[in-house]
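# Inside the fold
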Amino acid sequence: AIPLDAIRGFLRDHRVVEQQTLSKAPRVIAGSNGHILMGAGETVYARGDFSDAEAAYGVFRQGQVYVDPTSDEVLGAEALDIGLARVDALDGDIATMTLDRTNQQVSVGDRLLTTEDRELIARYYPKPPAVDVKGQVLAVSGGVSQVGQYDVVVLNRGERDKLVPGSVLVIEKTGAIVYDRIAGEDVRLPNTRAGTLMVFRTFDKLSYALVMRATSPLRVGDHF
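Structural notes, computed from the coordinates.

Each value, and the rule that gives it
Residues numbered from 1 in each chain as written. Predicted model: local features only at pLDDT ≥ 70, side-chain atom pairs only at ≥ 80, totals over all residues. Heavy atoms only, no water. Helix = DSSP H or I, 4+ residues; strand = E, 2+ residues; numbered from the N terminus. Buried < 20%, exposed > 50% of the residue type's maximum accessible area, 1.4 Å probe, protein only. Contact = heavy atoms within 4.5 Å. Areas by Shrake-Rupley, 256 points an atom, 1.4 Å probe, with all protein chains shown as cover. Lys, Arg positive; Asp, Glu negative; His and termini not counted. Charge placed at Lys NZ, Arg CZ, Asp CG, Glu CD. Patch = residues over 30% accessible without salt bridge, like charges linked within 9 Å, V, L, I, M, F, W, Y side chains within 5 Å. Salt bridge = Lys/Arg side-chain N within 4 Å of Asp/Glu carboxyl O. Phe/Tyr/Trp six-rings, centres within 6.5 Å; stacked < 30°, edge-to-face > 60°. Pairing = 2+ DSSP bridges. Axes fitted to C-alpha atoms, helices over the stretch in contact; angles between N-to-C directions.

Glancing now at the overall build of the chain. Counting secondary structure elements, the chain contains 2 helices and 18 strands. Projected onto the principal axes, the alpha-carbon positions of the chain cover approximately 75 × 40 × 25 Å. The buried share of the chain, taken over its 224 residues, is 40%. In the chain, of all internal contacts separated by at least 6 residues, the share reaching a separation of at least 24 is 66%. In the structure as shown, the chain presents an accessible area of about 12000 Å², 49% of it carried by carbon and sulfur atoms. In the chain, the 25 positive side-chain charges and the 30 negative ones have mean positions that sit 5 Å from each other.

Given below as structure tokens:
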């Protein structure tokens, strides 16, 4: 069983998008009465392309930009959910909006993306990936470096690598570097099996996974 409380926020609120998607998205430019921090029920003004003015818009703030540690390819930017807004009026490219919900205060510069009409998966069926997949843990929720059981981690592999929700992967703890005094050189010890992951949400180049079991301390940078 996968504990839904551990992943619900990542299923509903977090997105990984292309960096240019976020940079080109409509942005909050002001609050009512000159406010620079706004909460639920308040009016905000935003500027950008509101061609789908009937849609609900999520308010997002750019989080970490993920880069593949081997190829240096930019894999995507995390868009962190701040709240939900609706368009009340549109004057050219300036929208007057009401904040229906906020998780934290909305500020000038936050971005607006249309909400996803996506069914949340409530049940996962563990299975091996369709092809052999190897990669690294890029980050862990909470911005720390240590990883433990039921932590959510970001993997540098996604849908283009044939990962799907339910894919189970083995975590390998990166071997330590030790000094060989006889040879006079540093040597990296072999990786060791240290637990299992289950992928629960995939994007094109990245995935979110839950650490289902950890038999030894894990860190960002460990392999799977």
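What follows is about a nonpolar patch on the surface. Together, Ile36, Leu37 and Val108 make up an exposed nonpolar region whose accessible area comes to about 280 Å². Among the structural elements, Leu37 can be located in strand β3 (residues 37–38). A relative accessible area of 42% means that Leu37 is categorised as partly exposed.

Further remarks concern the environment of Val140. Among the structural elements, Val140 can be located in strand β10 (residues 137–140). According to the relative accessible area criterion, Val140 is buried, its value standing at 6%. Through-space distance from the C-alpha of Val140 to that of Leu210 is 9.8 Å; in sequence the pair is 70 residues apart.

Before going further, it helps to spend a moment on the packing of aromatic side chains. Under the defined criterion, the tally for this structure stands at 3 aromatic pairs. The interplanar angle of 20° and the centroid separation of 6.2 Å between the aromatic rings of Phe200 and Tyr208 together place this pair among those described as stacked. Residue class for Phe200 comes out buried when judged on its relative accessible area of 1%. With centroids separated by 5.6 Å and ring planes inclined at 85°, the aromatic side chains of Phe203 and Tyr208 adopt a geometry described as edge-to-face. For the pair formed by Phe203 and Tyr208, the shared burial category is buried. An aromatic cluster is present here, built from Phe200, Phe203 and Tyr208 joined pairwise through their rings.

It is worth spelling out the sheet that holds strand β13 (residues 168–173) at this point. Strand order across the open sheet formed by 5 strands is β10-β12-β17-β16-β13, with antiparallel pairing between neighbours. Each end of this open sheet is capped by a strand with a single partner; those strands are β10 and β13. Each strand of the sheet is rotated relative to its neighbour by a mean of 40°, with strand direction disregarded. Taken together, the 3 bridges between β10 and strand β12 (residues 152–155) define a ladder with antiparallel strand orientation. Following the sheet pairing, Val140 is matched in β12 by Val153.

Under the defined criterion, the tally for this structure stands at 9 salt bridges. Among the salt bridges present, the one from Glu73 reaches Arg160, with a minimum N-O distance of 2.7 Å. Of this pair, Glu73 sits in the loop between β5 (56–67) and β6 (74–91) while Arg160 sits in the loop between β12 and β13, and the two are 87 residues apart along the sequence. Relative accessible area serves as the criterion here: at 42%, Arg160 is assigned to the partly exposed category. Arg86 is the partner of Asp100 in a salt bridge, and the nearest nitrogen-oxygen pair spans 2.2 Å. Separated by 14 residues along the polypeptide, Asp100 in strand β7 (residues 94–102) and Arg86 in strand β6 bring together distant segments of the chain. The class for Asp100 is partly exposed, based on a relative accessible area of 40%. A cluster of three or more residues bridged by salt bridges with shared partners is formed by Glu18, Glu73, Arg160 and Lys205.

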